[in-house]
Amino acid sequence: MTAADPPRDRPSLLGDCVHCGFCLPTCPTYVLWGEEMDSPRGRIHLMAQREEGAPLSPEMAGHFDACLGCMACVTACPSGVQYDRLIEMTRAEVEAEHPRPLREKLLREAVFRLFPYRRRLRAVRGPLRLYQRSGLPALVRRSGVLERISPSLAAMERLAPPLGPAPRLPERVAARGTRRATVGMLTGCVQGEFFPGVNAATARVLALEGCDVVIPRDQGCCGALSLHSGRAEEAAAFARATIAAFEAVDVVVVNSAGCGSSMKDYADVLADDPAWARRAAALSAKTRDFAEFVDELGPRAERHPLPVTVAYHDACHLSHAQKIRSQPRRLLAGIPELAVREIADPDVCCGSAGTYNLFQPEAAARLGDRKAGSVRATDAELLVAANPGCSMQIATALRRQGADIAVAHTAQVLDASLRGLGRGALVGSDSSTDN
Ligand code: SF4
Ligand code: SF4
């Protein structure tokens, strides 16, 4: 669908499905459980039942909740079924109508009141860093105490990446040499607080490639977590604030797949808001993923050799939602002496999927283990991923399996090459790619 197409309602979207089942083998929940109702076709069938007046039963809500929203089915579907729109509409219905148990409600509230707010995340960062530097994590994990209190809490503890210092970026980073472009940069919530090194590398690469980088201080959450969880009004409010923060620039570069994908969807999110629809469409049109933008721009800065073997992971919100697959591979392949290996079943989600690994920790861990196994089979020294959720999810699974494979963002690999830092910056004991 393009911004010019009129929005379609659910019955019309449901009518596109011919029930062929081509989507089933790429659906992670179908792969895990082999249950029709946990496949795209099964969920579409349940949505159709709802249209015919069936009540939203807890079982039905469970099948919708179990969907990762990974969009592998959208890529696989030969009939062009817009499952992404369908699940978004259905999740909003689940949020409005499905009474969740108190414990689950509290957990969801805590997650949605923490993760989309940078200042709150920053407040948590310090104590979490202290905790990580104490001997407590090993003790807590061995005792299983968090697992007994709440598997979601235990998942959160395991997923948090090792935190270092988090220097703040300036509001403007000047282009090196002749300026080729001026771009805005989204710093993100989880990316900004848990992976500040990715943002620093992104700004450096853009500047080295001749871009003035504008990093508005008043930017907040893009609304991705809310949008992908059926919290439509919250997502719309985050979208309006993000549009306003980036209105002065012609391009917004985003280094987190989930954020970029939701910003490209603003045109649909605010299509019915006459005061914002046009501004939303403009923001969507000027949003570029980091790899998409740098590839489009073309190389100018010298690439220094980086003798590292990397496995490139396709984040679902980059490959399925934004159709960006060749650009990051091209950027990596352009680095002398760097070898790119392909991961088997690249279309199957790693289990991160926004908040999925917090709310469905068991299924997410199984998918994480599958992905980590496929990464290990490549014999790569470094995993490259362009979404903070995927990085945390796969790094956790690799640690669980005792695999010594570092994880970095595409921007960090390019940064290491452009600055001639050598392989030690990415792999080995001196690497600094965690934060
Ligand atoms: S969603 Fe697409 S691939 Fe899946 S059953 Fe329907 S038509 Fe077939
Ligand atoms: S979005 Fe992913 S998990 Fe959900 S039905 Fe489609 S393939 Fe399955």
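Residues numbered from 1 in each chain as written. Chains lettered and ligands numbered in written order. Predicted model: local features only at pLDDT ≥ 70, side-chain atom pairs only at ≥ 80, totals over all residues. Heavy atoms only, no water.

## A look at the site of ligand 1
Definition in use: Whether a residue is near a molecule or strand depends on its heavy atoms: it is near if one of them lies within 4 Å of it. Three residue categories are used. Nonpolar comprises Ala, Val, Leu, Ile, Met, Phe, Trp, Tyr, Cys and Pro, charged comprises Asp, Glu, Lys and Arg, and polar comprises the others, including Gly.
Close to ligand 1 lie 13 residues, the nearest being Cys-17, Cys-20, Gly-21, Cys-23 and Cys-77. Its residues assigned to classes, the shell around ligand 1 comprises nine nonpolar, three polar and one charged.

## Digging into the side chain of Asp-265
Worth spelling out the cut-off: Put simply, DSSP H or I for four residues or longer makes a helix, DSSP E for two residues or longer makes a strand, and each gets a number counted from the N terminus. Working rule for contacts: check all heavy atoms of both residues, and any pair within 4.5 Å makes them a contact.
By the secondary structure assignment, Asp-265 is in the loop between α16 (257–264) and α17 (266–269). Those residues in contact with Asp-265 that sit more than four places away from it in its chain are Arg-85, Glu-88, Leu-227 and Ser-284.

## A word on the domain arrangement of the chain
What counts, and what does not: Here the limits of each domain have been adopted from an automatic or database domain assignment. Buried area: the accessible area, evaluated with a 1.4 Å probe, that two parts lose upon being put together, summed over both parts. Only one rule defines a salt bridge in this text: a Lys or Arg side-chain nitrogen within 4 Å of an Asp or Glu carboxyl oxygen. Nitrogen and oxygen atoms within 3.5 Å of one another constitute a polar contact, given that in protein one can donate a hydrogen and the other can accept it, and given that sequence-neighbouring residues count only through two side-chain atoms.
The domain boundaries assigned to the chain delineate domain 1 (10–97) and domain 2 (302–427). Its C-alpha centre places domain 1 at a distance of 28 Å from the equivalent point of domain 2. Each partner contributes residues to the interface: domain 1 has 16 residues there, and domain 2 has 16 residues. Of the roughly 1300 Å² buried at the junction of domain 1 and domain 2 (both faces included), carbon and sulfur atoms supply 66%. Here domain 1 is connected to domain 2 by zero salt bridges. Applying the counting criterion to the domain 1 and domain 2 interface returns two residue pairs in polar contact (both at pLDDT 80 or more). Put simply, the parts of the chain that give the side of domain 1 that touches domain 2 at least two residues each are α2 (28–33) and α5 (72–76). Class assignment for the residues of the side of domain 1 that touches domain 2 results in eleven nonpolar, four polar and one charged.

## Describing unusual backbone geometry
Operational definition: Working definition: with a 1.4 Å probe on protein chains only, accessible area under 20% of the residue-type maximum means buried, over 50% means exposed, and in between means partly exposed.
Its identity is not glycine, yet His-19 carries a phi of approximately 60°, on the positive side. Looking at the element boundaries, His-19 is found in the loop between α1 (10–14) and α2. You will see that Asp-345, though not glycine, has its phi angle at about 45°, which is positive. Considering the arrangement of structural elements, one finds Asp-345 in the loop between β7 (339–342) and α22 (356–359). Relative accessible area serves as the criterion here: at 45%, Asp-345 is assigned to the partly exposed category.

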